[in-house]
Amino acid sequence: MHDDLATLLRRRKETIADHAFRDRNPAAHLEALKSVSEEILAWHQAHRGEIPARLEHFLTNCSFDKALVYLESGGTWTGH
């Protein structure tokens, strides 16, 4: 289910968690985070109207961790 989106969401999560990168080059780290976030937003725009309502909700609210959990659950996780 939307493996391309899941890949982007994982990359964003990994970028956030990369404290060594952030400490070594804060500007580049911020740019990498900005870039992947923009890719996620572009994906969302391109797929509006064809994704499940729950995933739409998570992406609209920039709840990217929840969107990833939803995708990894095969669409069964409803969130909190």
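As the structure is a prediction and not an experimental result, all values here were calculated from the model.

Enquirer: Describe the overall build of the protein chain, with residues and values.
Expert: Counting its secondary structure elements, the protein chain contains five helices and zero strands. Secondary structure of the protein chain in N-to-C order comes out as α-α-α-α-α. Considered along the principal axes of its C-alpha atoms, the protein chain spans approximately 40 × 25 × 20 Å. Out of the 80 residues in the protein chain, the part that is buried amounts to 32%. Counted over contacts in the protein chain with a minimum sequence separation of 6, partners at least 24 positions apart contribute 49%. Of the roughly 4,900 Å² that the protein chain leaves accessible, carbon and sulfur atoms contribute 54%.

Enquirer: Lay out the nonpolar core with the relevant residues and their values.
Expert: Looking at soluble globular proteins, one finds that nonpolar side chains tend to be buried together. Ranked by size, the top nonpolar core spans 17 residues in total, and within it L5, L9, I40, L55, L59 and L71 carry the most contacts. Secondary structure elements with two or more residues in this core: α1 (3–17), α3 (26–47), α4 (53–60) and α5 (64–72). By residue number, the principal contributor to this core is α5, which donates five residues. The residues contacting L59, other than those within four sequence positions of it, are L5, I40, W43, H44, I51, F64 and A67.

Enquirer: Describe the pattern of salt bridges, listing the residues and the values that go with them.
Expert: For the structure shown, the criterion picks out four salt bridges. The closest approach of N and O atoms between E72 and R10, which form a salt bridge, is 3.2 Å. With E72 in helix α5 and R10 in helix α1, the pair connects residues that are 62 residues apart, well separated along the chain. For E72, a relative accessible area of 49% puts it in the partly exposed group. The partly exposed category is assigned to R10, whose relative accessible area is 35%. When the shortest N-O distance is used, the salt bridge between D23 and R22 registers 3.3 Å. Of the residues examined, D23 reaches a relative accessible area of 55% and is grouped as exposed.

Enquirer: Residues and numbers for α5, please.
Expert: F64, A67, L68, Y70 and L71 are the residues of α5 that are buried. Projected down its long axis, α5 carries its buried residues within an arc of 160°, all on one side. Residues of α5 that are buried make contact with α1, α3 and α4. Once α5 finishes, G74 follows within two positions and takes phi at roughly 75°, a positive value.

Basis of the calculations
Residues numbered from 1 in each chain as written. Predicted model: local features only at pLDDT ≥ 70, side-chain atom pairs only at ≥ 80, totals over all residues. Heavy atoms only, no water. Helix = DSSP H or I, 4+ residues; strand = E, 2+ residues; numbered from the N terminus. Buried < 20%, exposed > 50% of the residue type's maximum accessible area, 1.4 Å probe, protein only. Contact = heavy atoms within 4.5 Å. Areas by Shrake-Rupley, 256 points an atom, 1.4 Å probe, with all protein chains shown as cover. Core = buried A, V, L, I, M, F, W, Y, C linked by side-chain atoms within 4.5 Å. Salt bridge = Lys/Arg side-chain N within 4 Å of Asp/Glu carboxyl O. Arc of directions from axis to C-beta.

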